[in-house]
Amino acid sequence: MDDPGVAGPVWLPSLPPSLGEYLSPNLQPVPLIPALTLLAALLYLAGAIKLWRQGRHWPVVRTISFLFGCLAIIIIMGAGIEGYGLRMFSIFMFQQLTLMMAVPPLLVIGSPGTLLLRATPHNRLGTPVLKIALWGLRSRWGRLAIHPAFMVPLFLLSFYGVYFSGIADLLLPNWYGHVGLELLFLASGILFTVPLISADPLPTRQTHFGRMLDIFAEMPLHAFFGVVIMMATAPMVRFFANPPASWNLDVMADQGLAGGLAWSYGELPGVLLLMFILVRWQREEARGWVKADRSAAVAGDPDLDAYNEYLRQLANRPVRER
C-alpha cells in the first residue's frame, strides 16, 4: 500500500508486525539492494565454479560464508521486514546492525577480491576489470578507504551522525534516501571489517595490535549509543513517531528496543571479531616460531651457538685461570 508520508516506489505493510510478516516474500517495487546482492552472489559462485572446473583450489568454507552473507542481505532487504523498517525504529535498527556488523564479516571471509583476481580472464572483458582492481590496490584512495582515520569515524558517523543530526528524518521519508542510508551502512561496515580480518590483497595491512585498537575504540562508543537511545524520553526520529494506530505500538518501547539492539546485538559481532583477530594472531606467531625452529635446526642459531662456544671455553680452561 502507499503512504503519503513516504515518497517514492515503496511498499508499506498494513498488518501488525509478526515473524511471519517479517519473513513474507513482499518485495519492494524496486528491490535495488536485493537485486545487486543476487548478482554479486551469482558472479561469486560462477568464479568459484570456474576454479573448481579447472582443478584449482578454492575453499568451500569461503564460498559458503560469502553466500550466507548475500542471503542475509536478500532476506532483510527483500522480505517483508524491509517494509516494516519504514514504520518501526527497532526494525530499522535491526537492519542497520545486520548490514554493518553481521553481514560484512561473512562477505569479507569469503575473500571476493582474491577470487576476482584468480577467476577473471586476462583478456577481453577481463582486462579492464583487472586493471580497475589493481588500480584500487595501488591508489592512494584505496589506502585512504581502509585507513583507521577514515573508516572508524565513518563507522561511528553512521550511528551518531545519522540519528543525532536529523539526517534520518531528512532521508528516511524518501525512497532514495532510505536506500542510500542502507548502502551507507553496508559500505561503512565493509570498510571497517576489511582491514581487520580480510585475507585479500590490500593496499596496506595493519598489525594485529592495531586491529585490536580499532575494535576497542569502536565497541564502547557503540554501546554508549545504544544506552543513549534507551534512556531518551522522547522520540529521537520523528519519522518513526506515528506508526499505524491499529498496531497498538508503543513508540517509546519500540525505541527502547532499538537501543537495546544497538547495545547487545551490535556488540556481539565486535566480540567475535576480536576473538577472530586473537586466534589469527596466535596462529601466525606459532607459525613464526615453527619456522624459526626449523631454520635454526638447519642453519643454526648464531646467538645460541656463540653462547654454547663460550660455555665450552669456560669448561676447557685450566683451574688456575678460572
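What counts as what
- Positions within a chain are numbered from 1, following the residues in the order the chain's sequence is written.
- Only residues with pLDDT of at least 70 get local features here, since the model is predicted, and only at 80 or more are side-chain atom pairs given and counted; chain-wide, interface and lining totals rely on the full set of residues.
- Only hydrogens and water are set aside; all other atoms, that is, all heavy atoms of the structure, feed into the side-chain values.
- UniProt positions are given in the numbering used here, feature names are shortened, and annotations may be inferred rather than shown by experiment.
- By definition, no residue in a patch forms a salt bridge, and every one has over 30% relative accessible area; like charges are joined within 9 Å, nonpolar side chains (Val, Leu, Ile, Met, Phe, Trp, Tyr) within 5 Å.
- Only the protein chains shown count as cover for residues, with accessible areas throughout obtained via the Shrake-Rupley method and a probe of 1.4 Å.
- Each salt bridge in this description consists of a side-chain nitrogen of Lys or Arg and a carboxyl oxygen of Asp or Glu lying within 4 Å of one another.
- For helices the rule is a DSSP run of H or I covering at least 4 residues; for strands it is a run of E covering at least 2, with both sets numbered from the N terminus onward.
- Any residue under 20% of the maximum accessible area for its type is buried, any over 50% is exposed, and the rest in between are partly exposed; the area is computed with a 1.4 Å probe on protein chains only.
- Every residue is assigned a pLDDT by the predictor, reflecting its confidence on a scale from 0 to 100.
- Helix axes are fitted to C-alpha atoms over the stretch in contact, other axes to C-alpha atoms as well, and angles between N-to-C directions run from 0 to 180 degrees.
- Comment on the angle field: the value is read as roughly parallel under 35 degrees, roughly antiparallel over 145, roughly perpendicular from 65 to 115, and oblique elsewhere.
- Definitions for this section: a left-handed crossing has its near helix turned counterclockwise from the far helix by less than a right angle. A right-handed crossing has that turn clockwise.
- Residue contacts follow a heavy-atom distance rule, with two residues in contact if any of their heavy atoms lie within 4.5 Å.
- Residue polarity follows a fixed list, in which Ala, Val, Leu, Ile, Met, Phe, Trp, Tyr, Cys and Pro are nonpolar, Asp, Glu, Lys and Arg are charged, and the others, Gly among them, are polar.
- Stacked, tilted and edge-to-face are the three classes assigned to paired rings of Phe, Tyr and Trp, where Trp is represented by its six-membered ring and a pair needs centres within 6.5 Å; plane angles under 30 degrees give stacked, over 60 edge-to-face, the rest tilted.
- Each cavity reported here is a set of points on a 1 Å grid over the protein atoms alone in which a 1.4 Å probe fits but cannot get out, each pocket an open set with protein on both sides within 12 Å along at least five of seven lines, and each lining residue one with an atom within 4 Å of a point.
- Grid points are joined across faces, edges and corners, and a volume is the space filled by probe spheres set on the points.

- Under an unreviewed UniProt entry, the name given to the protein is Cytochrome c oxidase assembly protein, and the source organism is Paenarthrobacter ureafaciens.
- Entered under Subcellular location (unreviewed entry) in the UniProt record, the comment concerning the protein runs "Cell membrane".

1. Some remarks on a nonpolar patch on the surface
- Together, Leu-19, Leu-23, Ile-49, Trp-52, Val-60, Ile-64, Phe-68, Leu-71 and Ile-75 give the surface a local cluster of nonpolar side chains, amounting to about 850 Å² of exposed area.
- Per-element accounting of the nonpolar patch gives the leading share, 5 residues, to helix 3 (residues 60-78).
- Within the element layout of this structure, Ile-64 appears in helix 3.
- Under the relative-accessibility criterion, Ile-64 is labelled partly exposed at 43%.

2. Describing the confidence of the model for the protein
- In the predicted model, the protein carries a mean pLDDT of 84, and 88% of its residues have values of at least 70.
- For the protein, helix 15 (residues 302-316) is the element with the lowest average pLDDT, namely 65, and helix 3 is the one with the highest, namely 96.

3. Description of the packing of helix 2 (residues 32-53) against helix 6 (residues 112-119)
- For the pair helix 2 and helix 6, the least separation of the axes is 10 Å and the interaxial angle reads 55 degrees. Taken together, helix 2 and helix 6 sit at an angle that is classed as oblique. The element helix 2 and its partner helix 6 pack so that their crossing is left-handed. Only Pro-112, Leu-115, Arg-118 and Ala-119 of helix 6 make contact with helix 2, whose side of the interface consists of Tyr-44, Gly-47, Ala-48, Lys-50 and Leu-51.
- Taken together, the residues of the contact of helix 2 with helix 6 sort by class into 6 nonpolar, 1 polar and 2 charged.

4. Some thoughts on the packing of aromatic side chains
- Throughout the structure, instances matching the rule amount to 16 aromatic pairs.
- Where Phe-92 meets Phe-240, the ring centres are 5.9 Å apart and the plane angle is 40 degrees; that geometry is what we call tilted. Of the two residues, Phe-92 is situated in helix 5 (residues 89-109) and Phe-240 in the loop between helix 12 (208-231) and helix 13 (251-264); the sequence distance between them amounts to 148 residues. Both residues of the pair, Phe-92 and Phe-240, count as buried.
- Their ring planes at 40 degrees and their centres at 5.7 Å tell us that Tyr-163 and Phe-225 sit as a pair that is tilted.

5. Looking at empty space enclosed by the protein
- Counted according to the given criterion, the structure contains 2 cavities of 30 Å³ or more.
- Put simply, the largest cavity is a space of about 110 Å³.
- Gln-28, Val-30, Glu-82, Val-179 and Glu-182 are, among the 14 residues lining the largest cavity, the residues nearest its centre.
- Where the lining of the largest cavity is concerned, the elements lending two or more residues are helix 2 and helix 11 (175-197).
- Broken down by element, the residue count for the lining of the largest cavity peaks at 4 residues, all from helix 11.

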